[in-house]
Amino acid sequence: MNAAMMDTRKGIDWLVEMLRRNQSPDGSWSDPFETGLSTDAYMIILLRTLEINDEELIKGLAERILSKQEQNGAWKLFYDEHEGNLSATVECYYALLYSGYFEKTDKRMAAAKKFILSKGGIEEVSMFTKVMLSLTGQLKWPRFSPLPIEIILLPLHFPFNFYSLSVYGRANLTPMMILADKKFSLITKRSPDLSDLMVSRNSDDNWVRSNEWRSLFSFIEDGVKNLMGLPDHLHKLAIDRAKKYMLDHIEKDGTFYSYYSSTFLMIFALLSLGYKKTDPVITAAINGINSMKTEINGLPHMQYTTANVWNTSLIGYALQEAGVSLEDEMVRKANHYLLARQHDKFGDWVIHNPNSLPGGWGFSNINTIHPDVDDTTASMRSISRMPSEGQDAWARGVNWLMSMQNDDGGWAAFEKNTDTKLIEFLPIEKGEFILTDPSCADITGRTLEFFGNYTNLPKDHEIIKKGIKWLMDHQEADGSWYGRWGICYIYGTWGAVTGLTAVGVPVTDTSLQKTIEWLKGIQNKDGGWGESCYSDSKEKYVPLKISTLTHTAWALDALISVSDKPTSEIRKGIAYLLRNLQKDDWTTAYPKGQGMAGAFYIHYHSYRYIFPLLALAHYQKKFDS
């Protein structure tokens, strides 16, 4: 046994032990799903607006927010974000004032105000922030709603309809459309006054920054006019249908689709429709988002959702790849947890995929109607070696995955063929992230990897061929792929490369050769890899200029999959991982996931263990066995 082998084995053993220590009694891993400070700020604002004076939680959230403030008064979404983020700073500033524990005269608040005004004031914040400010009385609602509520009535055959939007778009826009229609706002005696953050005094026209939306608006209006009924009758019908949509998609914990933002908005939408603050639906919703609270460094953080299924599926798979037995109590409990969370209900996905039965997995521990392709392949990797008890789950999962392939050959996250180009004309910032669910390289690659390595699907099957073609057609000129749900080009490239090799694309293929050169070319001198969150909004690879464990593991795993012997780049990468496994600094807390470019980033606390374990296990299996 050589020294490198001993080091690799030691690293694997340390990672396995860390994961064993973190497992919950129910078999899952509940590592925090950390998404910045917006949810913490919104929780303070929600509690104060509803006059729920949970002082312990409000103080804890305020302390966490304050601890993240930069010297210049701003708040950032990620470490290398230049001066700071305007929307995040407005949200944090507002929450701290509303908490009642800080005055505008406080030097930290004064510094935040100065930053906000220097960036154009609250008129320049994102649409989500504008909605929150409007419904709590700090901004005027726009004179015209960017989306009329009546679109919920348009038939499915209309070129643009409610189900043209992604499920995430529907979840957030449904309450938003109600609120914008009612122009609802709720002010309390404790509400701060943010009018001094306005640079211009005509803020209601700052909602819409595109001229093209008016033509789409009139197009939708024409569609609505063709519906049978009088305008007033249709309007009431649309409001009723929007309310019903929200109530029909409440999970057992009281949340709307198990998302923080949609539940927050639903609470206010129901208040605008006459619900009392004490109504059981609203009380259950508040309890639901409260139950998603976690603790990070001794302070509370409101998670956007929980990531238990995602964490558990990835960890269960990585442990088995590292040689942990299926009979090991840790793996056994994880797999039984996953089996119990396979979906058996129909969700909105059936609208565009009417010929399949349920069989997917969702992301959070309470998700029962909102499965996704990535969680399904991840869960099935973990349960793949189970004996007969998993056979029915396996068959249902494979059938659902096959049925979810888009017409273009790729796979999206939540729904099929939800990528209408009309979305481009809507006046909604980041609309392509909020409102569409297109095929993407990371999920398409990971799905192909699953079919290639875990099923008997022939390599010349039409599903495989279409998936390969989609990936080949969407490779970037430099040889990389863009990853929709991770940061960013390294993530997409890892998914694509491991997927293509699993379904038989030879390493000699010019596309893969180009990718190998790209990965080698972006390796840092210390042997690792690192990518900035700026990659997504700039739509090109932006180096972080420092290595991270997770990026290094993704790049390594991709190179290992296309190498028949350990190259110098692979050896350097493995050495970087083994030297830095116990590292704990800003690079280990740097976001590795994204939800919305330039606005929503995710720090998965489990990734620093999962992906190094996977890379080390694959290295050992391929080169040291």
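Residues numbered from 1 in each chain as written. Predicted model: local features only at pLDDT ≥ 70, side-chain atom pairs only at ≥ 80, totals over all residues. Heavy atoms only, no water.

Asks: Explain the packing of helix 22 (residues 549–561) against helix 25 (residues 607–623) to me, please; I cannot follow it from the model alone.
Replies: In a pair of packed helices, the angle between the axes and the distance between the axes together describe the arrangement. Relative orientation of the contacting elements helix 22 and helix 25 amounts to 25 degrees, with a least axis distance of 8 Å. Compared by their axis directions, helix 22 and helix 25 come out roughly parallel. Taken as a pair, helix 22 and helix 25 cross one another with a handedness that is left-handed. For the pair helix 22 and helix 25, contact is made by Leu549, Thr550, Ala553, Trp554, Leu556, Asp557, Ile560 and Ser561 and by Tyr607, Arg608, Phe611, Pro612, Leu614, Ala615, His618, Tyr619, Lys622 and Phe623, respectively. (Axes fitted to C-alpha atoms, helices over the stretch in contact; angles between N-to-C directions. Helix = DSSP H or I, 4+ residues; strand = E, 2+ residues; numbered from the N terminus. Parallel < 35°, antiparallel > 145°, perpendicular 65-115°, else oblique. Left-handed = near helix turned anticlockwise from the far one by under 90°. Contact = heavy atoms within 4.5 Å.)

Asks: What's the story with helix 12 (residues 308–321) in this structure? I'm lost.
Replies: Each α-helix turn comprises 3.6 residues. Residues three or four places apart therefore point the same way. For helix 12, with 14 residues, the first-to-last C-alpha span of 20 Å sits near the 20 Å given by 1.5 Å per residue. Burial within helix 12 is extensive, with 14 of its 14 residues counted as buried. Gly323, located one to two residues past helix 12, shows a positive phi value of around 95 degrees. (Expected span 1.5 Å × (residues − 1). Buried < 20%, exposed > 50% of the residue type's maximum accessible area, 1.4 Å probe, protein only.)

Asks: Explain the environment of Ala180 here, please?
Replies: Along the chain, Ala180 turns up in helix 7 (residues 167–182). Look at Ala180 and you get buried, because its relative accessible area is 9%. In this structure the C-alpha to C-alpha distance between Ala180 and Glu81, which are 99 residues apart in sequence, comes to 32 Å.

Asks: What's the story with the confidence of the model for the protein in this structure? I'm lost.
Replies: Predicted coordinates in areas of low pLDDT are best not read in detail. Taken residue by residue, the protein gives an average pLDDT of 92. The fraction at 70 or more is 91%. The low-confidence segment residues 1–6, where pLDDT is below 50, has 4 contacts with residues more than four positions distant or belonging to other chains. (pLDDT = per-residue confidence, 0-100.)

Asks: Would you mind showing me how to read the sheet that holds strand 7 (residues 600–604) here?
Replies: One open sheet holds the 3 strands; their spatial order is 1-7-6, and the pairing between them is antiparallel. Unpaired on one side and paired on the other, strand 1 (33–34) and strand 6 (593–596) mark the two borders of the sheet. Here 3 bridges tie strand 6 to strand 7, and the two strands are oriented antiparallel to one another. Each bridged residue has a counterpart across the sheet, and for Met596 the counterpart in strand 7 is Phe600. (Pairing = 2+ DSSP bridges.)

Asks: When you look at the pattern of salt bridges in this model, what are you seeing that I'm missing?
Replies: Between side chains of opposite charge, a pair can form when the charged atoms approach closely. Counted by the stated rule, this structure contains 23 salt bridges. A salt bridge links Lys621 to Glu321, with the shortest nitrogen-to-oxygen separation between them at 3.5 Å. Of this pair, Lys621 sits in helix 25 while Glu321 is found in helix 12, placing the two residues 300 residues apart along the sequence. Using a relative accessible area of 44% as the deciding quantity, one classes Lys621 as partly exposed. Among the residues examined, Glu321 registers a relative accessible area of 10% and is labelled buried. The salt bridge involving Arg332 is made with Glu329; its shortest N-O contact spans 3.0 Å. Within this pair, Arg332 and its partner Glu329 are both found in helix 13 (residues 329–339), separated by 3 residues, close to a single helical turn. Since its relative accessible area comes to 44%, Glu329 is described here as partly exposed. Within this structure, Glu34, Asp40 and Arg64 form a network of salt bridges that share partners. (Salt bridge = Lys/Arg side-chain N within 4 Å of Asp/Glu carboxyl O.)

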